[in-house]
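Given next are the chains, with one letter for each unit.
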Amino acid sequence: MKNKYSIFSLIKNAFSYHENWQRAWRDPEPKKEYDVIIIGGGGHGLATAYYLAKKHNMSNIAVVEKGWIGGGNTGRNTTIIRSNYLWDASAGLYDHALKIWESLSQELNYNVMFSQRGVMNLAHNLQDVRDLKRRTHANRLNGIDAVYLNTEEVKKFCPIINTSPNIRYPVLGGTLQKRAGTARHDAVAWGYARGADAMGVDIIQNCEVKGIKKNGDSIEGIETTKGFIKTKKIGVVAAGHSSVIASMVDLKLPLESKPLQALVSEPVKPIIDTVIMSNAVHAYISQSDKGELVIGAGTDAYVSYTQRGSHDVVEGTLKAILELYPIFSRMKMLRQWGGIVDICPDASPIISKTHIKGLYFNCGWGTGGFKATPGSGDLFAHTIANDEPHKLNADFNINRFVSGDLVDEHGAAAVAH
Amino acid sequence: MFLINCPYCGERDQSEFTAGGEAHIVRPKQPTELSDDQWAEFLFMRKNIKGVQFERWNHAHGCRKWFNIVRDTSNDKIHAIYKMGDKPPIK
């Protein structure tokens, strides 16, 4: 049984110099057999295990992770959460997640620092203006809060933006989703890990999957660096490495893995109290609670698993940032890193069963998976437990690439992919 | 970020080039005969290899010619470069 985190537990533990806090999750050796094994201990994988245990009464579950939990893209993203997607299928999926975010800290008894500080998307040319207005209308029809702002309203919402008509790509307007915002990415992984562990889920770190054993068209288990583990159901949530896992069963996925970069500046006093994204010039920026500017750059245009990314991509992003926010011209960048994102041809995820019985994939989140973490876990757990998709992820099946019924969010989402 | 030795122009920065994805995917000879599954395979399914991969690249900001590269995607090291139509120099 996990002790409850509260103001009282904080005071109590202060008396023992915070040296006697209970372990947040165990460090078990793998059992011989599990009912379900989740491959990948990021936010999505841990959330899947959590909801399998919580909503589907399963407890014999393992999450295997080759590194440490939350060490992949969960710890590398720019923590932006929003649901202002154009198409109905995407709006349903991402707003489902956003609704869970709104009460997630209470549910997990873990402060994920969800902050609904709003996300503003800028328009820089006439087509942007039309697209953003269209998306605003589509959002409102789907019950998602969205408003269109003109240039003065953009300036009023974020006074440091350069709205001069003389810059290369002037700000012609923007959209605002007030329910959107940010969360503490590490806390999401840790909160779900603690919650899942409390319900008996084994989180096995430093355990790399080396192969998948199957008999005909059904799953028998996985070969790992900690030996063979028997199971009949596998949920793969391996992000950039999904194709690597899929190749173990000779399955090809419609994915390309590319480095996506982000960077943070030195910490400064509060200057930007929202999240601002720009599709056309590809620059997005927010400020962390520590005071660092958190800046997201683009992906490299070639397949790579190097987790670093190219300098010219960062340079392009920073040029755009400086044109939009001249006030940052003397800021020093503190850290830069890359994560490997798995991008689908239609820039929408796959949450689906496969033709192999007992093998499920949750992948293709590309450049925007963090925001969907709770919803993704919830729907993937439903798909695994029932061997059928939930109605919210039915459109995100792998067969859409055969039927042609794509969820084409390329450029239609609030930011370029 | 790395250097690419264009077979026509010599060594240039990678940012001058455009990646064209997996190489040696042959366009179906009789497209009308293809099933939906075969179309999906041709259009969308990719090996997306972590390791040595065969790729098409275009020197977009140079000679604008297409050619092939054998590259290790786990460390971005290039093993071979060969012209379109040539047989891959390594397996």
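Residues numbered from 1 in each chain as written. Chains lettered and ligands numbered in written order. Predicted model: local features only at pLDDT ≥ 70, side-chain atom pairs only at ≥ 80, totals over all residues. Heavy atoms only, no water.

Engineer: Looking at this structure, how should I read the pairing of strand 2 (residues 10-13) of chain B?
Structural biologist: On a regular strand, one side chain projects to one face of the sheet and the next to the other, so that they alternate. Residues and elements named next belong to chain B. By the bridge criterion, 4 bridges tie strand 1 (residues 3-6) to strand 2 in an arrangement that is antiparallel. For Leu-3, the partnering residue across the bridge sits in strand 2 and is Asp-13. Hairpin connection of strand 1 to strand 2: 3 residues between the antiparallel strands. (Pairing = 2+ DSSP bridges. Helix = DSSP H or I, 4+ residues; strand = E, 2+ residues; numbered from the N terminus.)

Engineer: I would appreciate a short explanation of the sheet that holds strand 4 (residues 52-58) of chain B in the present structure.
Structural biologist: The strands making up a sheet associate through backbone hydrogen bonding, with each pair oriented either parallel or antiparallel. Residues and elements named next belong to chain B. Pairing is antiparallel across the open sheet formed by 4 strands, whose spatial order is 3-4-5-6. Pairing within the sheet leaves two strands with one partner each, and these edge strands are strand 3 (18-22) and strand 6 (77-83). For this sheet the average axis-to-axis angle between neighbouring strands, irrespective of direction, equals 30 degrees. Pairing analysis gives 3 bridges linking strand 3 to strand 4, with the strands arranged antiparallel. Counterpart to Thr-18 in the pairing with strand 4 is Asn-58. (Axes fitted to C-alpha atoms, helices over the stretch in contact; angles between N-to-C directions.)

Engineer: Help me out: how do you make sense of the packing of aromatic side chains in this one?
Structural biologist: The geometry of an aromatic ring pair is captured by the separation of the ring centres together with the interplanar angle, meaning the angle of the planes. Under the defined criterion, the tally for this structure stands at 16 aromatic pairs over all chains. Arranged with centres 5.1 Å apart and planes meeting at 70 degrees, the rings of Tyr302(A) and Phe2(B) form a pair that is edge-to-face. Here Phe2(B) lies in the segment before strand 1 and Tyr302(A) lies in the loop between strand 15 (292-299) and helix 9 (311-324), a pairing that spans two chains. Grouping residues by exposure puts Tyr302(A) and Phe2(B) together as buried. When the centroid spacing of 6.1 Å and the interplanar angle of 75 degrees are considered together, the rings of Phe2(B) and Trp57(B) count as edge-to-face. A residue pair is termed long-range when its members are at least 10 positions apart, and Phe2(B) in the segment before strand 1 and Trp57(B) in strand 4 qualify at 55 residues. (Phe/Tyr/Trp six-rings, centres within 6.5 Å; stacked < 30°, edge-to-face > 60°. Buried < 20%, exposed > 50% of the residue type's maximum accessible area, 1.4 Å probe, protein only.)

Engineer: Looking at this model, I keep getting lost on the pattern of salt bridges. Mind explaining?
Structural biologist: Any two side chains of opposite charge can pair if their charged atoms end up close together. Residue and element names in this part refer to chain A. Considering all chains together, one arrives at 24 salt bridges over all chains under this definition. With a shortest N-O distance of 3.3 Å, Arg-335 and Glu-292 are connected by a salt bridge. Of this pair, Arg-335 sits in strand 16 (residues 333-343) while Glu-292 sits in strand 15; the two residues are 43 residues apart in sequence, bridging distant segments of the chain. On the basis of relative accessible area, Arg-335 is assigned to the partly exposed category, the value being 41%. Salt bridges sharing common partners tie together Asp-95, Lys-99, Glu-102, Asp-145 and Arg-179. (Salt bridge = Lys/Arg side-chain N within 4 Å of Asp/Glu carboxyl O.)

Engineer: It is not clear to me how the confidence of the model for chain B should be interpreted in this structure. Could you clarify?
Structural biologist: As a note on interpretation, predicted positions should not be read in detail where pLDDT is low. When the pLDDT values of chain B are averaged, the result is 95; 100% of them are 70 or greater. Overall fold confidence (pTM) sits at 0.96, and the ipTM for the predicted complex is 0.95. (pLDDT = per-residue confidence, 0-100.)

Engineer: Help me understand the side chain of Asp76(B) in this model?
Structural biologist: Positionally, Asp76(B) belongs in the loop between strand 5 (66-72) and strand 6. On the basis of relative accessibility, which here comes to 6%, the residue Asp76(B) falls in the buried class. Of note is the side chain of Asp76(B), whose polar atom sits 2.9 Å from the side chain of Ser304(A). (Polar contact = N/O pair within 3.5 Å; in protein donor to acceptor, adjacent residues only side chain to side chain.)

Engineer: How do you make sense of the interface of chain B and chain A when you look at a structure like this?
Structural biologist: Put simply, an interface is often sized by how much accessible area is lost when its parts join up. In this complex, chain B contributes 25 residues to the contact, which on the side of chain A involves 24 residues. Regarding the contact of chain B and chain A, the summed buried area is about 2,000 Å², with carbon and sulfur atoms giving 55% of it. Where chain B meets chain A, there are 1 salt bridge. For Glu41(B), the salt bridge identified is with Lys252(A), shortest N-O distance 2.9 Å. On the surface where chain B and chain A come into contact, there are 10 residue pairs in polar contact (both at pLDDT 80 or more). Looking at the side of chain B that touches chain A, the elements that each hand over two or more residues are strand 3, helix 1 (36-43) and strand 4 of chain B. If you tally residues by element for the side of chain B that touches chain A, the top one is helix 1 of chain B, at 4 residues. Partitioning the side of chain B that touches chain A into residue classes produces 8 nonpolar, 8 polar and 9 charged. (Contact = heavy atoms within 4.5 Å. Buried area = accessible area lost by both parts, 1.4 Å probe. Nonpolar A, V, L, I, M, F, W, Y, C, P; charged D, E, K, R; others polar.)

Engineer: Quick question: what am I supposed to make of the sheet that holds strand 6 (residues 173-177) of chain A here?
Structural biologist: Residue and element names in this part refer to chain A. Strand order across the open sheet formed by 8 strands is 5-6-4-13-14-15-12-16, with mixed pairing between neighbours. Looking along the sheet, the strands with just one partner apiece sit at the ends: strand 5 (147-150) and strand 16. Neighbour-to-neighbour, the strand axes of the sheet open up by a mean angle of 20 degrees, direction not taken into account. Lying on the sheet, helix 9 is in contact with strand 4 (119-123), strand 12 (256-267), strand 13 (275-278), strand 14 (283-287), strand 15 and strand 16; it crosses strand 15 at an angle near 130 degrees.

Engineer: Got a minute to help me understand the nonpolar core in this structure?
Structural biologist: Residue and element names in this part refer to chain A. If you look at the biggest cluster of nonpolar residues, it comprises 48 residues, and the most contacted ones within it are Ile-38, Trp-101 and Tyr-192. Those elements that provide at least two residues to this core are strand 1 (33-39), helix 2 (43-55), strand 2 (61-64), helix 3 (88-101), helix 4 (104-108), helix 7 (185-198) and helix 10 (373-386). With 7 residues, helix 2 is the largest single contributor of residues to this core. Discounting residues that sit within four places of it in the chain, Trp-101 has contacts with Ile-81, Val-112, Phe-114, Ala-183, Val-188, Phe-370, Lys-371, Thr-373 and Pro-374. Counting 31 residues, the second largest nonpolar core, distinct from the first, contains Ile-204, Ile-350, Ile-356 and Phe-361. (Core = buried A, V, L, I, M, F, W, Y, C linked by side-chain atoms within 4.5 Å.)

Engineer: Explanation requested: the pairing of strand 11 (residues 227-236) of chain A in the structure shown.
Structural biologist: Residue and element names in this part refer to chain A. Pairing between strand 1 and strand 11: 6 bridges, direction parallel. Its bridge partner lying in strand 11, Ile-38 is registered against Gly-235. Sheet topology note: the strand 10 (residues 218-224)/strand 11 ladder contains 4 bridges and is antiparallel. Looking across to strand 11, one finds that Ile-222 is bridged to Ile-229. Counting the residues in the hairpin turn of strand 10 and strand 11 gives 2 residues.

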